[in-house]
Number of protein chains: 2
Amino acid sequence: MNTQAQTTPTADPQQTAASYFKDLQERICQAFEALEPNGATFDVTPWEKDPDAQLQGSGEMRLMRGEVFEKVGVNFSDVYGTFSPEFAKQIPGALENGGKFRATGVSLVSHMSNPHVPTVHMNVRRIETSQSWYGGGADLTPTFAYDEDTQAFHAAMQQACDGYRDGAYDEYKKWCDEYFHIQHWDEPRGVGGIFFDNVNSNDEDKDFAFVQAVGEAFLTIYPQLVAQRMAQPFTEAEKTTQLYKRGRYVEFNLLYDRGTKFGFATGGNPEAILMSMPPEVRW
Amino acid sequence: MNTQAQTTPTADPQQTAASYFKDLQERICQAFEALEPNGATFDVTPWEKDPDAQLQGSGEMRLMRGEVFEKVGVNFSDVYGTFSPEFAKQIPGALENGGKFRATGVSLVSHMSNPHVPTVHMNVRRIETSQSWYGGGADLTPTFAYDEDTQAFHAAMQQACDGYRDGAYDEYKKWCDEYFHIQHWDEPRGVGGIFFDNVNSNDEDKDFAFVQAVGEAFLTIYPQLVAQRMAQPFTEAEKTTQLYKRGRYVEFNLLYDRGTKFGFATGGNPEAILMSMPPEVRW
């Protein structure tokens with residue numbers, strides 16, 4: 001926990017956001033565990049960076065290999081450090097601050113045993129350089145897309161956006177479709193959702209409320225979608241189709257994903273960064 | 001086939017190299033098929049680029065999913081085109097030539113059913129911009145390293161290098177170890193081999209002979225290593241270890257490999273580029 005950089009801890013928005021993200025991680029894990037029929041639980045691995053490391057701070061990886069959730073990682077981190085001069089050029093406000101930054105967030109990817117249950121990705125984060133902003137989003141990647149699941153997911157994300165400002169949903173939905181496009185196959189990774197970055201309206205409370213709304217919307221809708229499909233029968237062929245679909249997910253995350261690149265570029269924990277990798281994949 | 005760029009076809013070194021690479025592909029595939037006990041054979045997929053595409057030329061993908069070779073791709077290509085201005089900056093002699101290039105080569109990766117048989121990667125290529133050079137190499141990635149296999153492989157590569165020039169082997173072996181290092185885990189991808197690029201001694205015949213020696217050394221040693229280990233008993237746990245080891249291979253190829261980046265940056269065929277992906281992987 002970065003106590004040195006804050007003078008009034010309770011009023012530090014980065015600290016406030018970190019507290020919410022940690023709590024969200026806990027509640028998401030509880031909701032996922034509640035869906036496991038035979039008591040599977042998350043393995044919890046707290047980590048703390050060496051004070052001499054490029055990246056400092058702490059975090060908590062939570063990983064469950066259950067019956068419903070074949071593999072799901074829900075990671076929290078609250079870190080600070082100094083970007084390399086080259087990397088600092090790419091980050092708003094970083095050069096003006098000698099490359100110093102703080103970052104906190106929660107990030108998750110689920111890979112489901114039942115190929116009829118969609119994979120989901122969700123991330124909410126707050127970054128501070130000489131500027132500060134929120135980023136994140138949530139998107140669905142089914143192997144077999146069901147319109148009603150897609151619509152319910154989109155509706156939940158729209159509700160979170162509509163409370164923030166007019167036009168936000170259309171903008172963030174479009175951004176999601178553009179971002180999660182697998183360029184070399186010219187195909188979408190999944191059925192979309194929302195994606196946003198550099199969110200700063202000069203109203204910290206409003207922006208924070210938006211990110212909370214995204215977290216809560218996710219926490220409501222995804223466990224519902226899982227519960228509705230987890231007992232649906234599936235064939236060996238459908239499972240195999242899912243394993244190949246996961247290959248595209250791996251390609252996207254390692255070739256294009258900014259979070260992965262950000263993680264490696266800042267000396268992040270590879271175990272945590274790669275928790276998004278599926279348990280079993282085929283090509 | 002790029003006939004426009006050549007005035008005396010038989011004396012065109014790019015064409016001579018392409019003919020050798022195509023023949024090498026054929027002989028490698030025959031050697032691999034000969035190791036399959038029940039007649040598995042390569043699927044052959046010739047491809048030709050649309051004359052309007054960014055990349056022009058043709059190639060042939062060969063893929064076998066056999067009993068000994070769980071999945072092996074052996075690809076030949078002979079292409080030409082124009083690099084994007086941004087990409088041209090990174091390639092020797094490309095800017096001086098308006099970004100125009102020709103590239104031909106053969107590339108293979110094997111993923112073996114028996115976890116005691118090492119994965120291998122081999123590539124030899126010739127590139128032409130306003131300059132020309134050879135590149136390539138071969139390296140071994142065992143799940144369970146056997147000293148005698150490693151030594152036999154290194155000895156074969158050393159012999160190919162020793163015929164070229166003093167010091168080449170040590171240089172290319174070191175380059176291989178540096179290149180195939182998985183930065184985020186700070187661990188080697190495998191047990192190495194040789195890696196070389198921008199090889200041009202101003203003696204085309206000598207350089208071409210070296211690349212041929214690498215191809216022939218590979219063709220001699222790897223089928224021997226496969227034959228010696230393919231019937232060795234293995235446990236379920238050893239197979240599982242191999243599947244996790246393959247995850248690291250995927251991480252390297254998608255995060256760091258230049259060939260993959262070169263392929264996507266020049267509008268290459270994703271099916272061919274991703275033929276190196278293992279048939280089954282776990283994380």
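To be clear, the structure that these remarks concern was listed above.
Here we summarise the structure given alongside this text.

The rules behind these values
- Residues numbered from 1 in each chain as written.
- Chains lettered and ligands numbered in written order.
- Predicted model: local features only at pLDDT ≥ 70, side-chain atom pairs only at ≥ 80, totals over all residues.
- Heavy atoms only, no water.
- Helix = DSSP H or I, 4+ residues; strand = E, 2+ residues; numbered from the N terminus.
- Axes fitted to C-alpha atoms, helices over the stretch in contact; angles between N-to-C directions.
- Parallel < 35°, antiparallel > 145°, perpendicular 65-115°, else oblique.
- Left-handed = near helix turned anticlockwise from the far one by under 90°.
- Contact = heavy atoms within 4.5 Å.
- Nonpolar A, V, L, I, M, F, W, Y, C, P; charged D, E, K, R; others polar.
- Buried area = accessible area lost by both parts, 1.4 Å probe.
- Salt bridge = Lys/Arg side-chain N within 4 Å of Asp/Glu carboxyl O.
- Polar contact = N/O pair within 3.5 Å; in protein donor to acceptor, adjacent residues only side chain to side chain.
- Pairing = 2+ DSSP bridges.
- Phe/Tyr/Trp six-rings, centres within 6.5 Å; stacked < 30°, edge-to-face > 60°.
- Lys NZ or Arg CZ within 6 Å of the ring centre and 35° of its normal.
- Least-squares fit on C-alpha atoms with pLDDT ≥ 70 in both.
- Buried < 20%, exposed > 50% of the residue type's maximum accessible area, 1.4 Å probe, protein only.

Moving on, we get to unusual backbone geometry. All names here are of chain A. Non-glycine residue D186 carries a positive phi angle of around 50 degrees. With respect to the helices and strands, D186 occurs in the loop between strand 7 (181-182) and strand 8 (187-188). Positive phi, close to 70 degrees, is recorded for N202, a residue that is not glycine. By secondary structure assignment, the location of N202 is in the loop between strand 9 (192-199) and helix 5 (204-229).

Let us now look at the packing of helix 3 (residues 147-162) of chain A against helix 5 of chain A. Residues and elements named next belong to chain A. Two elements in contact, helix 3 and helix 5, have axes whose closest approach is 8 Å; the angle formed by their N-to-C orientations is 165 degrees. Of the possible angle classes, the one that applies to helix 3 and helix 5 is roughly antiparallel. Pair helix 3 / helix 5 crosses with right-handed handedness. Note on element contacts: helix 5 touches helix 3 through F210, A213, V214, A217, F218, I221, L225 and R229, opposite E148, D149, A152, F153, A156, M157, A160 and C161. Here the residues of the contact of helix 3 with helix 5 sort into 13 nonpolar, no polar and three charged.

Moving on: the interface of chain B and chain A. Facing the 21 residues of chain B at the interface are 21 residues of chain A. Of the roughly 1900 Å² buried at the junction of chain B and chain A (both faces included), carbon and sulfur atoms supply 70%. Connecting chain B to chain A are zero salt bridges. On inspection of chain B and its partner chain A, the count reaches five residue pairs in polar contact (both at pLDDT 80 or more). Of all the secondary structure elements, the ones that give two or more residues to the side of chain B that touches chain A are helix 6 (236-255), helix 7 (258-265), helix 8 (270-273) and strand 10 (280-282) of chain B. Considered class by class, the residues forming the side of chain B that touches chain A number 13 nonpolar, two polar and six charged. Note that strand 10 (residues 280-282) of chain A and strand 10 of chain B share three bridges and pair antiparallel. Bridge pairing in strand 10 of chain B places A:R282 opposite B:E280.

On to the packing of aromatic side chains, then. Residue and element names in this part refer to chain A. Counted under the stated rule, the structure contains 46 aromatic pairs over all chains. Aromatic ring contacts, followed pair by pair, group W175, Y179, F180, F195, F252 and Y256 into a single cluster. Above the plane of the ring of W185 lies R248, whose end atom (NZ or CZ) is 3.9 Å from the centre.

Once that is clear, we can look at the relation of the copies chain B and chain A. The relation between the two copies of this chain is a rotation about an axis and a shift parallel to it. Each copy of the sequence occupies a distinct position, and chain B is placed on chain A by a rotation of 180 degrees and an axial shift of 0.0 Å, giving an RMSD of 0.0 Å. Those values place the two copies in the arrangement expected of a two-fold rotation axis. Interface overlap between copies is the fraction of interface residues in one copy that are interface residues in the other; for chain B against chain A it reaches 100%, indicating a shared surface.

Okay, the pattern of salt bridges next. Residue and element names in this part refer to chain A. Taken as a whole, this structure holds 40 salt bridges over all chains when the rule is applied. A salt bridge links E148 to R229, with the shortest nitrogen-to-oxygen separation between them at 3.1 Å. With a gap of 81 residues between them, E148 in helix 3 and R229 in helix 5 connect regions that are remote in the sequence. D149 is the partner of R229 in a salt bridge, and the nearest nitrogen-oxygen pair spans 2.8 Å. With R229 in helix 5 and D149 in helix 3, this pair connects stretches of sequence that are 80 residues apart. Per residue, the accessibility class of R229 equals that of D149, and both read buried. Taken together, the shared-partner salt bridges connect D12, R102, R126, E128 and E204 into one network.

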